[in-house]
Amino acid sequence: MVPAWLWLLCVSVPQALPKAQPAELSVEVPENYGGNFPLYLTKLPLPREGAEGQIVLSGDSGKATEGPFAMDPDSGFLLVTRALDREEQAEYQLQVTLEMQDGHVLWGPQPVLVHVKDENDQVPHFSQAIYRARLSRGTRPGIPFLFLEASDRDEPGTANSDLRFHILSQAPAQPSPDMFQLEPRLGALALSPKGSTSLDHALERTYQLLVQVKDMGDQASGHQATATVEVSIIESTWVSLEPIHLAENLKVLYPHHMAQVHWSGGDVHYHLESHPPGPFEVNAEGNLYVTRELDREAQAEYLLQVRAQNSHGEDYAAPLELHVLVMDENDNVPICPPRDPTVSIPELSPPGTEVTRLSAEDADAPGSPNSHVVYQLLSPEPEDGVEGRAFQVDPTSGSVTLGVLPLRAGQNILLLVLAMDLAGAEGGFSSTCEVEVAVTDINDHAPEFITSQNLSYEAAPSHEVVVVVQSVAKLVGPGPGPGATATVTVLVERVMPPPKLDQESYEASVPISAPAGSFLLTIQPSDPISRTLRFSLVNDSEGWLCIEKFSGEVHTAQSLQGAQPGDTYTVLVEAQDTALTLAPVPSQYLCTPRQDHGLIVSGPSKDPDLASGHGPYSFTLGPNPTVQRDWRLQTLNGSHAYLTLALHWVEPREHIIPVVVSHNAQMWQLLVRVIVCRCNVEGQCMRKVGRMKGMPTKLSAVGILVGTLVAIGIFLILIFTHWTMSRKKDPDQPADSVPLKATV
């Protein structure tokens, strides 16, 4: 006898096993079917025991569909009720199930994929009815100067959408009827080889081409469309340029414009190549730029090749070659040769004996004045009252020889020879070359000088020091003469210390209910008698406080709204010398997000009340941490600086930037007003404006759109109704519209 638990297990296992999912059925329906409807597509394998069930047709999401498909409950056939348009929908995903009245599924779901087979019912269309193109004389044959565009809404990848382009006619037909060629698949219009040779002699200025696009590939049948192409013949402007001479270390704003090329034809893209690679670029208009300073010593010459290309990167003509010559600037200092070991000269050597020969090297252009080096003996200097010198230097060759003065044994002489470029002219660079000469025994005792103490400008602005040179060995004969002493005048430079307060930090307690104008504390300089300061608050974000400019008294500016007992509010106080603040600089604007330009800030050397003499000036940003975070100041030269944004985004508004300018012992503060604003693509500042009168509102625009759509919908319903009634009047029905009887 079988146990009860085993019998229950055998009954429950088949019910727990999942039913196999039916394989997907694929059905193909021709597009724009012209027969009668409904059209029976395929018979579904419904089970016989499901006669009491209900066939349910739904979409792929399981919801009932109201589309063009239905099920014949008697035969189990899937049918379509109207013609289908592949361009409207190419595939339909359906599900068929057999269900009981209570929703219990007896069979299915059976997935069915209905594919609409494409029919060549779409006419290709050109993107333009009339194409206009400029063709430059000198264009290479076979290089497209115009690409025709056409589209076909039939199924991609089939012959129905396989397009071919052809030229139907050319007017005028002189000097050759085949001046142009059109690539059939790409629609690329180019000069033919015959047209290239005839174009330079052609008198016509305009050619009109009738072009055709046809579907069905290379087959004779198919739909076609035509368009007109007007080709204007333009004289060539693609000519070589003269060599460009650029000065090295040129101090200008970069990129710096240096030349321009121009291709007179249309649809041109310029491409630049530099040999060797260099800091050059070309824009869409053919303007050539150098992007940074050049260094002749690094590279003296560049060969640039500029290409005029179509949108596919093909050259219309041979590239233009442009030579860029970097002009030498005297920017290199003569370099002395390495210092040799001590040169020994025998005592009583005759005058003219060569001690050494100097050869300083200058990296500037060879043979130019910038590298023409001459020599001059600096030390030892000739003695007062004594004719002749102990050493001589040939200015041209750099040969150092003995002079007429005799040398004594034990002398150790350091010769200082000045090597000067520009042949010694004013404005050149120089270096000091050293040559150590020993005469027999070397005297290694250096002269002794008396050290000085700390100097004070207030105590004495200058000092006179008498320097005496004494020999270590005892002199024989008279004592040292006037040549053994020298008077040195020492000028003490006065250094102005920065402003300093009597405390590093100040604290004050204030009731929350304190009214505006309540006194808190006083900020004072450490030396209020000798210096008068001007005070200001830097980061008073809540606007609760105010400070008197000259007295330093801090008061409440308004009631302390939002403050809680125990809160701490910290502000920074900026102190400046009262006589060191200049008038604000007129407002200028910069773009945010940051673009590649800034503002020029100049020193105050034109104001006699603020500066004595001319530059150089040094420029720094004020001590405000926010200013130093948001802005960058770069010194251009001794009289100007360049102000730019340091961050990519700065709040659009007016900013006042403090710039500290110093010259010698004087300091000033410039207040530079900068308007930061959003800019358009041309770098122009944009301002917000209100809505223009008479412009439609969003509500009125939506109303017009809805009304238009309703009118179109009513019109389509009328057409569809008329078409349906006319179809019902047709008595002829094809044989495939008769339903097949189900096999019992």
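All of these numbers come straight from a predicted model, not from anything done at the bench. (Residues numbered from 1 in each chain as written. Predicted model: local features only at pLDDT ≥ 70, side-chain atom pairs only at ≥ 80, totals over all residues. Heavy atoms only, no water.)

It is worth spelling out the overall build of the protein chain at this point. Secondary structure assignment for the protein chain yields 4 helices and 44 strands. In the protein chain, which comprises 744 residues, the proportion classed as buried is 34%. Of the roughly 46400 Å² of accessible surface on the protein chain, a fraction of 55% belongs to carbon and sulfur atoms. (Helix = DSSP H or I, 4+ residues; strand = E, 2+ residues; numbered from the N terminus. Buried < 20%, exposed > 50% of the residue type's maximum accessible area, 1.4 Å probe, protein only. Areas by Shrake-Rupley, 256 points an atom, 1.4 Å probe, with all protein chains shown as cover.)

Once that is clear, we can look at the pairing of strand β6 (residues 91-99). Across 6 bridges, strand β3 (residues 54-59) lies against β6 in antiparallel orientation. Bridge assignment links Leu 57 to a residue of β6, and that residue is Val 96. Pairing analysis gives 8 bridges linking β6 to strand β7 (residues 105-117), with the strands arranged antiparallel. By the bridge assignment for β7, Leu 94 is matched with Val 112. Hairpin connection from β6 to β7: 5 residues lie between these consecutive antiparallel strands, with Gly 103 at a positive phi of about 90 degrees. (Pairing = 2+ DSSP bridges.)

Another aspect to go through is the environment of Arg 673. Along the chain, Arg 673 turns up in strand β44 (residues 666-677). A relative accessible area of 27% places Arg 673 in the partly exposed class.

Our next topic: the sheet that holds strand β36 (residues 553-556). As summarised here, the arrangement of the 3 strands in space is β33-β36-β35, forming an open sheet in which the pairing is antiparallel. In the strand order of this sheet, the two ends are held by β33 (519-522) and β35 (545-547), each with one partner. This sheet shows a mean twist of 25 degrees between the axes of neighbouring strands, independent of strand direction. By the bridge criterion, 3 bridges tie β33 to β36 in an arrangement that is antiparallel. In the strand pairing of β36, Thr 522 is matched with Glu 553. (Axes fitted to C-alpha atoms, helices over the stretch in contact; angles between N-to-C directions.)

Under the counting rule described, the total for this entry stands at 3 disulfides. Each sulfur of the disulfide joining Cys 591 and Cys 679 lies 2.0 Å from the other. Sign of the S-S torsion, about -90 degrees for the bond between Cys 591 and Cys 679, identifies this disulfide as left-handed. Within this pair, whereas Cys 591 is found in strand β38 (residues 585-591), its partner Cys 679 is found in the loop between β44 and α4 (698-728), the two being separated by 88 residues in sequence. According to the relative accessible area criterion, Cys 679 is buried, its value standing at 16%. The partner cysteine of Cys 677 in its disulfide is Cys 685, sulfur to sulfur 2.1 Å. On the basis of relative accessibility, which here comes to 24%, the residue Cys 685 falls in the partly exposed class. Regarding the disulfides, the protein chain carries the connectivity 1-2, 3-5, 4-6 under sequence-order numbering of its bonded cysteines. (Disulfide = S-S within 2.5 Å.)

A probe matching the size of a water molecule, rolled over the atoms, marks out where space remains unfilled. Summed over the entire model, instances satisfying the criterion amount to 1 cavity of 30 Å³ or more. For the largest cavity, the calculated volume is near 40 Å³. For the largest cavity, the full set of lining residues is Leu 590, Cys 591, Arg 594, Gln 595, His 597 and Leu 645. Residue classes in the lining of the largest cavity are distributed as 3 nonpolar, 2 polar and 1 charged. (1 Å grid on protein atoms, 1.4 Å probe; cavity = no way out; pocket = protein on both sides within 12 Å on 5 of 7 lines; lining within 4 Å. Points joined across faces, edges and corners; volume = space filled by probe spheres on them. Nonpolar A, V, L, I, M, F, W, Y, C, P; charged D, E, K, R; others polar.)

Evaluation of the coordinates by the stated rule reveals 18 salt bridges. Glu 297 is the partner of Arg 296 in a salt bridge, and the nearest nitrogen-oxygen pair spans 3.2 Å. Within the structure, one salt-bridge network assembled from shared partners comprises Arg 86, Glu 87 and Asp 118. (Salt bridge = Lys/Arg side-chain N within 4 Å of Asp/Glu carboxyl O.)

Most of the time, phi is negative for any residue but glycine, and the peptide bond is trans. Note the cis peptide between Gly 108 and Pro 109, where omega equals 0 degrees. Looking at the element boundaries, Pro 109 is found in strand β7. With an omega of 5 degrees, the peptide bond running from Ser 379 to Pro 380 counts as cis. Following the sequence through the fold, Pro 380 ends up in the loop between β26 (374-379) and β27 (391-393). Even without being a glycine, Asp 267 presents a positive backbone phi close to 50 degrees. Among the structural elements, Asp 267 can be located in the loop between β18 (256-260) and β19 (269-275). Under the relative-accessibility criterion, Asp 267 is labelled partly exposed at 35%. At Leu 422, a residue that is not glycine, the phi angle is positive and equals roughly 55 degrees. By secondary structure assignment, the location of Leu 422 is in the loop between β29 (412-420) and β30 (430-439).

Within a regular strand, the side chains alternate between the two sheet faces. Side chains Ala 188 and Ala 190 project from strand β14 (residues 188-191) onto one buried face, and the interleaved Leu 189 and Leu 191 project onto a second face that is buried too. Inspection of the sheet shows strand β10 (residues 146-147) paired to β14 by 2 bridges, in the antiparallel sense. What sits directly across from Leu 146, in β14, is Leu 189. Here 3 bridges tie strand β13 (residues 180-182) to β14, and the two strands are oriented antiparallel to one another. The residue bridging Gln 181 from the neighbouring strand is Ala 190, located in β14.

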